[in-house]
Structures are given as C-alpha cells and as structure tokens.
Amino acid sequence: MNRPSLWEALRGVVRRDLLLAMRRRSDVAMSVFFLVIVASLFPLGVGPEPAVLRTIGAGVLWVAALLACLLSLGRVFTADYLDGVLEQMVLIAQPLPVLVVGKVFAHWIVSGLPVVLLSPLLGLQFGLDGEALGVLVLSLLLGTPTLSMIGAIGAALVLGVRGSGLLVALLVLPLYVPVLIFGAGAVTSSMAGMGGEANLSLLGACLVLSLFFSPWATAAALRIALE
Amino acid sequence: MNWSKYSAPLAFYPLAGKMIPWFSVVAALAIAVGLYIGLLVAPTDATQHDSYRIIFVHVPAAWMSMFLYVVMAIWAGIGMGLNARLSFMMAQAIAPTGAMFTFIALVTGCMWGKPTWGTYWVWDARLTSELILLFQYAGVMLLRTSIDDLRRADRASGVLALVGVVNIPIIYFSVQWWNTLHQGASVSMTAAPKMAAIMLTAMLLMTFGFWMYSIAVILARVRCVILERESQPAWSNPSAAPEVAEAR
C-alpha cells in the first residue's frame, strides 16, 4: 500500500473532522449562539448608552470570541482520545505535528470562522462602523486561528484529567492575553484615528509564531497524555 | 569527581541537606546587611522621599520571579530531554517559591504605586504581564496536582512551563516596547546605573540574599519531594533497613 503524502494526510484529517462536525451540527451552533448571547448581555448590563458601547465594543466582542473558542476546545481531541483514534494518529507513519495542524485547522473552521463572519453584525450592535468594523473582522481573522493553536496545547495537556474543562481555562487564558490586547487594541486605535496596522502586524506575528511552535508542543502533550 | 552521581535522588538528598545551612546563613547575612544599608544608610530620595526604599524588596523580588520561572522551565526541559527524575522534582520545588516572589513583587508594587503614582494598580504592560506570570505559576502547579500519574504530571506541567517562557521576555522588555507608567530599568548590564552607588549596593545585596534564600528553600522543599515520592525505598529511613545504611 502506498503511504499517503503529508498533504494528503493533512487533507484527510481536516476532511474527517469537518465531516464529524457536520454530523453534529448542534455542537457548532452552540458556540455561535454562546457568542451572540454573551455579546448581547453586555448592552443589557452596562446600559444602552451608545458612547459607552462604542468604547467597550471591541473588547467585549474579543472577550466573547475568546470564551467561545475556550468552550469548544474540549471537542478538539476528547472524542478521539476516548474512542482510541488519537492513539492510532500517534502510531501512524505521518508526523504528529502535521496531523495536529489539520485538527486545529478544522477546529478553527468550525468554531473560529463563524465568529469572524458574525462579528460585523455584532459590531453593529455596539455601534462600530466603517473602518473600525473592517479592522475588527481583520483582527479576528488573524487572531482566532492563534487562539485555536494556543488552545490546542492546553486541550492536549488536560486530556482525561478530572475537571479538565475548568483547568484548560486556567492554563490557556493567561496565554491568550497578548492576542486579546493586540486584537482589541487594533480596533480601539483605528477608532482613535491612529490606524490599526501596528496591532494587526503584531497579531500576524503571534499567528506565525503559534503556527510554528504550537503543533510541536501539542504533539508533545498528546504523546504524554497517551503514554 | 563524578558530579552526575548527584542526579540520583538517593545521592542528592544528603548533599542537599549539607548545603541548606550554608545557603541559609549567607541569605540571612546578605538580606540583613542589604536591609541595613537600604533602610538606614542610603540617603533619602529627592523626589520620592523615603517611599522609594521599597525598591530594595520590589526589584529583587521581581527579578527573582522571572529568573525562577526560567530556571523551572530549564529543569523541566532537562527532565524531559534526559528523562531524569530529580530534574522534575527540582521544577516542582521551584514553582511555589517563584509564585511567592511574583506575589511579593506585585504587592510591593501596589504599595509603592500609591504614594508615587497615586494609584495601587494600573493596567500597564509590565504590571499586567507580571500578573500573568503569577497565573502561569498557578497553572503549572494546578496542572501538576490535578494529574494523578506522577510521570504524566511532571511532563505535562513541564510542557506548560516551557510554553509559558514566551512571557518572560515580554515582561522584561515591556517597559521598552510600550511607553507606559512603569518606569524603565534603572540598572542594566551595559550602561552605567542611573542610581547612587550606595542604593545599587543595597539592591544587589538584597538580590543576592533573595537568590541564596531561594536556593536554601528550594533544596529544603526538594528534600521533602524526594521523601514523598521515594517513600518506598529503604534508604530514606535507615533505622528500618540497617543493611542499606551500612552499605552506604
């Protein structure tokens, strides 16, 4: 039997995970609904003052996106860990980091991309407009894959550990802080007329760094979990 | 002399026991002299008056908090690379001391911030990243305690510690990268220090004292960890197994 190439392996993992997600659509819908509800709670709690909402809008949407990503982290590896598929992934003759990239990419398509697509609508709720809205979408487009990459490390570390849902939040949230600061900062500085380019570049740098390092760390964590 | 024999907990336990008194005495001396010079000898600052004297605790504690995190990550990395049990025990023993210094740096920073900045806390880059460092210490310790299998707990928290090292340069350079309220470094390796020599002496003495204190406490804690983990072997309790004690 021919050994599939790296690219085929990557595509296979992505296709399988997307297929599984499509068979359980309610899971996907849940994190999207969560985002919308959390974002809608803030105007109710803070009050409908447009000036206030405009200033907190970017931060609130970023925090909501971050929490939505956090909630869906359990889905990345848990099911495969429980039914033994993960063990086979570690054993097959393809490098584990590449398979990890595939799984994380599928996770981003399912949980991150809907957030990016919904964000203009939610931004309108907070009175963001024009350029700020564009920067918000761009910052989420650069930032949410980083969140998925970093989150995968945490998800792999807590596999099969009791209380893993809460634990993964404690492990991952501190590492999310730079992404949150640069992401929300991009929108705020573009609203202040300074342009969001500096923060967007930093977000891009975070993405590149996490793309490079996170698959190795995640693969190491998976091997530890499966020992 | 073959130093690598001390990588065995069996050999390291008595060595650590012999080193602890020395490091404790040096730590006590350095901290006492440092506090004496810092609180009584050093002159009052022209703009901050006596409130600046908290620097003699604040800066050494902040340095130690970052330094100990890197040391912890290095021990964890050595443990994973060489498969050495003692390295993981060292990493485990360092975490609480590092978290303590992070906490001290934050609290003394708050106490210093009130008289000089007029506020206990600002969301400035350095304060925030130091707070994140505290969360990272907490995460490493929590992850270790929530995994029952020791081998897995060691390795998983080691991976987390190594990943968290990215925060250290962010803390260190935050005052240069972002122009924020926290002042830039007054002391650096390359330029002449921007403070009086007597103040610098006190600060360096305090840092040295904190460093020695950390070593003493970490060695004491690693002895506890060794006993806890290796409670089965007979050598940890010589009276119960005289033949092992004699063989030694």
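Residues numbered from 1 in each chain as written. Chains lettered and ligands numbered in written order. Predicted model: local features only at pLDDT ≥ 70, side-chain atom pairs only at ≥ 80, totals over all residues.

1. What to know about the overall build of chain B
Here is step 1 of the chain: Secondary structure summary: chain B contains eight helices and zero strands in total.
Here is step 2 of the chain: Counting the 248 residues in chain B, one finds 37% classified as buried. (Helix = DSSP H or I, 4+ residues; strand = E, 2+ residues; numbered from the N terminus. Buried ≥ 20, exposed ≤ 12 C-beta atoms within 10 Å, placed from the backbone.)

2. Quick word on the overall build of chain A
Here is step 1 of the chain: Assigned secondary structure in chain A consists of nine helices and zero strands.
Here is step 2 of the chain: Listed N to C, the secondary structure of chain A is α-α-α-α-α-α-α-α-α in terms of helices and strands.
Here is step 3 of the chain: By the compact-globule yardstick of 17 Å for 227 residues, chain A fits well, its C-alpha radius of gyration being 18 Å.
Here is step 4 of the chain: Counting only C-alpha atoms and orienting by the principal axes, one finds that chain A spans roughly 60 × 30 × 30 Å.
Here is step 5 of the chain: Here chain A, with 227 residues, has 45% of them falling under the buried criterion.
Here is step 6 of the chain: Put simply, 80% of the contacts in chain A that link residues at least 6 apart link residues at least 24 apart. (Rg over C-alpha atoms; globule rule 2.2 N^0.38 Å. Contact = placed C-beta atoms within 7 Å.)

3. Here's the deal with unusual backbone geometry
Here is step 1 of the chain: Phi at N83 of chain B is positive, roughly 60°, even though this residue is not glycine.
Here is step 2 of the chain: Structurally, N83 of chain B can be placed in the loop between helix 2 (55-82) and helix 3 (85-117).

4. What about the confidence of the model for chain A?
Here is step 1 of the chain: Mean pLDDT for chain A: 88, with 99% of residues reaching 70 or above.
Here is step 2 of the chain: Considering each helix and strand of chain A separately, the mean pLDDT is smallest for helix 2 (residues 25-46) of chain A, with a value of 87, and largest for helix 7 (residues 130-157) of chain A, with 92. (pLDDT = per-residue confidence, 0-100.)

5. Overview of the interface of chain B and chain A
Here is step 1 of the chain: With 14 residues of chain B in contact, the opposing surface of chain A contributes 16 residues.
Here is step 2 of the chain: For the side of chain B that touches chain A, the leading source of residues is helix 4 (residues 125-146) of chain B, giving seven residues.

6. Observations regarding the environment of L166 of chain A
All names here are of chain A.
Here is step 1 of the chain: By the secondary structure assignment, L166 is in helix 8 (residues 164-191).
Here is step 2 of the chain: Here L166 falls in the exposed class, since 12 other C-beta atoms lie within 10 Å of it.
Here is step 3 of the chain: The spacing of L166 and L180 is 14 residues in sequence and 20 Å in space, taken between C-alpha atoms.

7. Remarks on the packing of helix 2 of chain B against helix 7 (residues 197-229) of chain B
All names here are of chain B.
Here is step 1 of the chain: Contact geometry of helix 2 with helix 7 gives a least axis separation of 9 Å together with a crossing angle of 45°. With respect to each other, helix 2 and helix 7 are oriented oblique. Note that helix 2 runs across helix 7; the crossing there is right-handed. For the pair helix 2 and helix 7, the contacting residues are I55, F56, V57, V59, P60, A61, W63, M64 and L68 in the first and A202, M203, M206, T207, F210, W211 and S214 in the second. (Axes fitted to C-alpha atoms, helices over the stretch in contact; angles between N-to-C directions. Parallel < 35°, antiparallel > 145°, perpendicular 65-115°, else oblique. Left-handed = near helix turned anticlockwise from the far one by under 90°.)

8. A few points about helix 3 of chain B
Here is step 1 of the chain: Spanning 33 residues, helix 3 of chain B covers 47 Å between terminal C-alpha atoms, matching the ideal 48 Å at 1.5 Å per step.
Here is step 2 of the chain: Of all bends in helix 3 of chain B, the biggest is about 25°, found at A95 of chain B, and the proline P96 of chain B comes one to four residues later. (Expected span 1.5 Å × (residues − 1). Bend = angle between axes of the 7 residues up to and from the residue.)

9. Digging into the confidence of the model for chain B
All names here are of chain B.
Here is step 1 of the chain: Of the residues in chain B, 84% reach a pLDDT of 70 or more, and the chain-wide mean stands at 84.
Here is step 2 of the chain: Here helix 8 (residues 242-247) is the element of chain B with the lowest mean pLDDT, 47, and helix 2 is the one with the highest, 92.
Here is step 3 of the chain: Below a pLDDT of 50 lies the segment residues 241-248, which in the model reaches five contacts outside its immediate sequence neighbourhood of four places, other chains included.
Here is step 4 of the chain: The complex model carries a pTM of 0.85, and its ipTM stands at 0.84.

10. So, the nonpolar core
For soluble globular proteins, nonpolar side chains are generally found buried alongside one another.
Here is step 1 of the chain: Counting 128 residues, the largest nonpolar core has A65, A156, L157 and A221 of chain A together with M72 of chain B as its most contacted members.
Here is step 2 of the chain: Of the residues forming this core, the biggest block, 15 residues, is contributed by helix 7 of chain A.
Here is step 3 of the chain: The residues touching L157 of chain A, leaving out its near neighbours within four places in the chain, are L171 and A221 of chain A together with L143, A156, V159 and L160 of chain B. (Core = buried A, V, L, I, M, F, W, Y, C linked by C-beta atoms within 7 Å.)

11. Considerations on the environment of L41 of chain A
Here is step 1 of the chain: Inspection of the secondary structure puts L41 of chain A in helix 2.
Here is step 2 of the chain: On a C-alpha basis, the gap between L41 of chain A and G154 of chain A in space is 28 Å, while along the polypeptide they are 113 residues apart.

12. Focus on the packing of helix 1 (residues 9-41) of chain B against helix 7 of chain B
All names here are of chain B.
Here is step 1 of the chain: The N-to-C vectors of helix 1 and helix 7 enclose an angle of 155°; their axes lie 7 Å apart at closest approach. Considered as vectors, helix 1 and helix 7 are oriented roughly antiparallel to each other. By crossing handedness, the relation of helix 1 to helix 7 is classed as left-handed.
Here is step 2 of the chain: Counted by class, the contact of helix 1 with helix 7 contains 26 nonpolar, six polar and one charged residues. (Nonpolar A, V, L, I, M, F, W, Y, C, P; charged D, E, K, R; others polar.)

13. As for the environment of P48 of chain A
Here is step 1 of the chain: Of note, P48 of chain A is situated in the loop between helix 2 and helix 3 (50-72).
Here is step 2 of the chain: In the structure, P48 of chain A is positioned 31 residues away from D17 of chain A in sequence and 41 Å away in space, judged by C-alpha atoms.

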